[in-house]
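So the chains spell out like this:
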Amino acid sequence: MMQFSYQRSQDLPSALSHIRSARDAKFIGGGTNLFDLIKADVMRPAQVLDINQLPFHEITDNDQGGLRIGALVTNSDVAWNPLITARYPLLAKAILAGASPQLRNMATTGGNLLQRTRCYYFYDKATPCNKRSPGSGCGAIGGFNRIHAILGASSSCIAVHPSDMCVALAALDAEVRVESMDGSRVIPFADFHRLPGDTPERDHNLRDDELITAVDLPADDFSQHFTYIKIRDRSSYAFALVSVAAALQMDNGIIKKARLALGGVAHKPWRRPEAEALLENQKPEQAAFEAAAQALLEGAKGQGHNNFKIELAHRAIIRALSEAAGMEVTA
Ligand code: SF4
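Residues numbered from 1 in each chain as written. Predicted model: local features only at pLDDT ≥ 70, side-chain atom pairs only at ≥ 80, totals over all residues. Heavy atoms only, no water.

**Here's the deal with the sheet that holds strand β5 (residues 67-70)**
Okay, so step 1: Spatially, the five strands line up as an open sheet ordered β4-β5-β8-β6-β7, and their pairing is antiparallel. With one partner strand each, in any of the chains shown, β4 (59-61) and β7 (183-188) form the two edges of the open sheet. Going from strand to strand, the sheet's axes swing by 25 degrees on average, the running direction of each strand aside.
Okay, so step 2: Where strand β6 (residues 175-180) meets strand β8 (residues 211-217), five bridges bridge the pair, whose relative direction is antiparallel. Within the sheet, the bridge partner assigned to Glu175 lies in β8 and is Asp216.
Okay, so step 3: Sheet strands in contact with helix α1 (residues 12-21) are β6 and β8, and its direction is about 75 degrees off that of β6. (Pairing = 2+ DSSP bridges. Helix = DSSP H or I, 4+ residues; strand = E, 2+ residues; numbered from the N terminus. Axes fitted to C-alpha atoms, helices over the stretch in contact; angles between N-to-C directions. Contact = heavy atoms within 4.5 Å.)

**Quick look at the nonpolar core**
Okay, so step 1: By size, the foremost hydrophobic cluster in this structure holds 52 residues, and its most contacted members are Ile84, Leu91, Leu113, Leu169 and Leu217.
Okay, so step 2: Counting residues per element, this core draws most heavily on helix α9 (residues 165-171), at seven residues.
Okay, so step 3: Not counting residues within four places of it along the chain, the set of residues in contact with Leu113 comprises His161, Met165, Cys166, Leu169, Val176, Phe189, Phe192, His193, Ile212 and Val215.
Okay, so step 4: Core analysis: the next-biggest nonpolar cluster, separate from the first, contains 31 residues, Ala258, Leu262, Ala292 and Ala313 among them. (Core = buried A, V, L, I, M, F, W, Y, C linked by side-chain atoms within 4.5 Å. Buried < 20%, exposed > 50% of the residue type's maximum accessible area, 1.4 Å probe, protein only.)

**Description of the site of the ligand**
Okay, so step 1: Surveying the vicinity of the ligand reveals 15 residues, the closest of which are Cys119, Cys129, Cys138, Cys157 and Ile158.
Okay, so step 2: Tallied by class, the residues present in the shell around the ligand amount to 10 nonpolar, four polar and one charged. (Near = heavy atom within 4 Å. Nonpolar A, V, L, I, M, F, W, Y, C, P; charged D, E, K, R; others polar.)

**Brief notes about the domain arrangement of the protein chain**
Okay, so step 1: Entries for the protein chain in the domain assignment read domain 1 (5-52) and domain 2 (225-324).
Okay, so step 2: The C-alpha-based centres of domain 1 and domain 2 are spaced at 36 Å. (Domains from an automatic or database assignment.)

**With respect to the packing of helix α12 (residues 286-296) against helix α13 (residues 308-324)**
Okay, so step 1: In contact at an axis separation of 9 Å, α12 and α13 are set at 135 degrees when each is read in the N-to-C sense. With respect to α13, the axis of α12 lies oblique. The two elements α12 and α13 meet at a crossing, and its hand is right-handed. From α12, Gln286, Phe289, Glu290, Ala292, Ala293, Gln294 and Leu296 reach across to α13, where they touch His314, Ile317, Ile318, Leu321 and Ser322.
Okay, so step 2: Its residues placed into classes, the contact of α12 with α13 shows seven nonpolar, four polar and one charged. (Parallel < 35°, antiparallel > 145°, perpendicular 65-115°, else oblique. Left-handed = near helix turned anticlockwise from the far one by under 90°.)

**Digging into the sheet that holds strand β10 (residues 242-251)**
Okay, so step 1: Spatial strand order, β9-β10-β11: three strands in an open sheet with antiparallel pairing. The two strands at the open ends of the sheet, each matched to only one other strand, are β9 (225-231) and β11 (254-263). Averaged over all pairs of adjacent strands, the angle between strand axes in this sheet comes to 10 degrees, irrespective of strand direction.
Okay, so step 2: Across the face of the sheet, helix α5 (residues 89-96) comes into contact with β9 and β10 while running at roughly 15 degrees to β9.

**Examining the pairing of strand β3 (residues 47-50)**
Okay, so step 1: Here β3 shows no split at all, with Gln47 and Leu49 on one side and Val48 and Asp50 on the other all buried.
Okay, so step 2: The pairing of strand β1 (residues 5-8) with β3 spans four bridges and is parallel. Bridge assignment links Tyr6 to a residue of β3, and that residue is Val48.
Okay, so step 3: In terms of strand pairing, strand β2 (residues 25-28) meets β3 through four bridges, oriented parallel.

**A word on α13**
Okay, so step 1: Helix length check: α13, at 17 residues, gives a terminal C-alpha distance of 24 Å against a target of 24 Å (1.5 Å per residue), a fit within 8%.
Okay, so step 2: Every buried residue belonging to α13 is among Lys309, Ala313, His314, Ala316, Ile317, Ile318, Ala320, Leu321, Ser322 and Ala324, and all of these are buried.
Okay, so step 3: As for α13, its buried residues are in contact with β9, β10, β11 and α12.
Okay, so step 4: The first or second residue beyond α13 is Gly326, which carries a positive phi of 80 degrees. (Expected span 1.5 Å × (residues − 1).)

**Here we look at unusual backbone geometry**
Okay, so step 1: Phi is positive for Asp41, close to 65 degrees, though the residue is something other than glycine.
Okay, so step 2: Residue placement: Asp41 occurs in the loop between α2 (34-39) and β3.
Okay, so step 3: Of the residues examined, Asp41 reaches a relative accessible area of 25% and is grouped as partly exposed.
Okay, so step 4: The phi dihedral of Asn281 falls on the positive side, at around 65 degrees, and the residue is not glycine.
Okay, so step 5: Counting through the fold element by element, Asn281 comes out in the loop between α11 (273-277) and α12.
Okay, so step 6: The exposure class assigned to Asn281 is exposed, which follows from its relative accessible area of 51%.

**What about the environment of Ala288?**
Okay, so step 1: For Ala288, the position within the fold is in helix α12.
Okay, so step 2: Residues Ala288 and Ala324, spaced 36 residues apart in sequence, show a C-alpha to C-alpha distance of 14 Å.
Okay, so step 3: When neighbours within four sequence positions are excluded, Ala288 is seen to be in contact with Leu279, Gln282 and Lys283.

What follows is the structure, given as structure tokens:
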């Protein structure tokens, strides 16, 4: 049996001080992924610091006219919060597409950002995995890779990020607020998660001694024309093969602003501003949607079993943009 110590942090300064001085310590909120990883012997923290007593359980207005979601607000409480459903329904829809009600009741906002890939080889210690054990190889490259990346992969790792919530947060241009003993900083969502490169063991740019305290949503209004499409092997409690967050601002039948992010295809939510720019000042028509889909998927490369994802993603993007624009979807 693996031994670890458990402590409950009572306030932010003591939590930050503890994590800086402790060896191999991990913060825990809902624990929905961390305990899976401990049980699978993939992660072996010597200490677990419970942060549920810290004051990050609220959704409040932020200084930019948007909303601040405390890092410990559960996924359920975000999805059903009236401010979120009225102003950021894309986020609510994406969250409700993920996991199960029981998991959403436990999982926290900060923890959702930090959940790790569901690559089967990562969880199977009998196989090589550069993310779990750097330098050991990658079981998925040349192995069974149906769920793996078609964009942004490397010769070290082809894993995908599993979150639905993060795809919506990427599309909404959220910001991640973090604290450490050195002070606070704000990380734009696009810079939070990493591509694998030659350091696939690093999922994100949070330092070991930093704690996520909140996620900020900007004031931009994408509440009228949006959708989140998730394509998966069964209709609930499954990770995305491909997902699309699409949000438009429209004026007199013309797209004025567009946001487009993909899940299930890369090591991080996948966005390309140049694809979104192709939609701006355009009528919501098939040709514009095709151009955006091609730009967003440029360079996509299958790994063998997952080649189907390229065409699937292309069709899903066009369908999502059509739905967001309020057009009739026929296929
Ligand atoms: Fe490990 Fe990444 Fe390869 Fe999966 S894809 S086996 S997580 S290195």
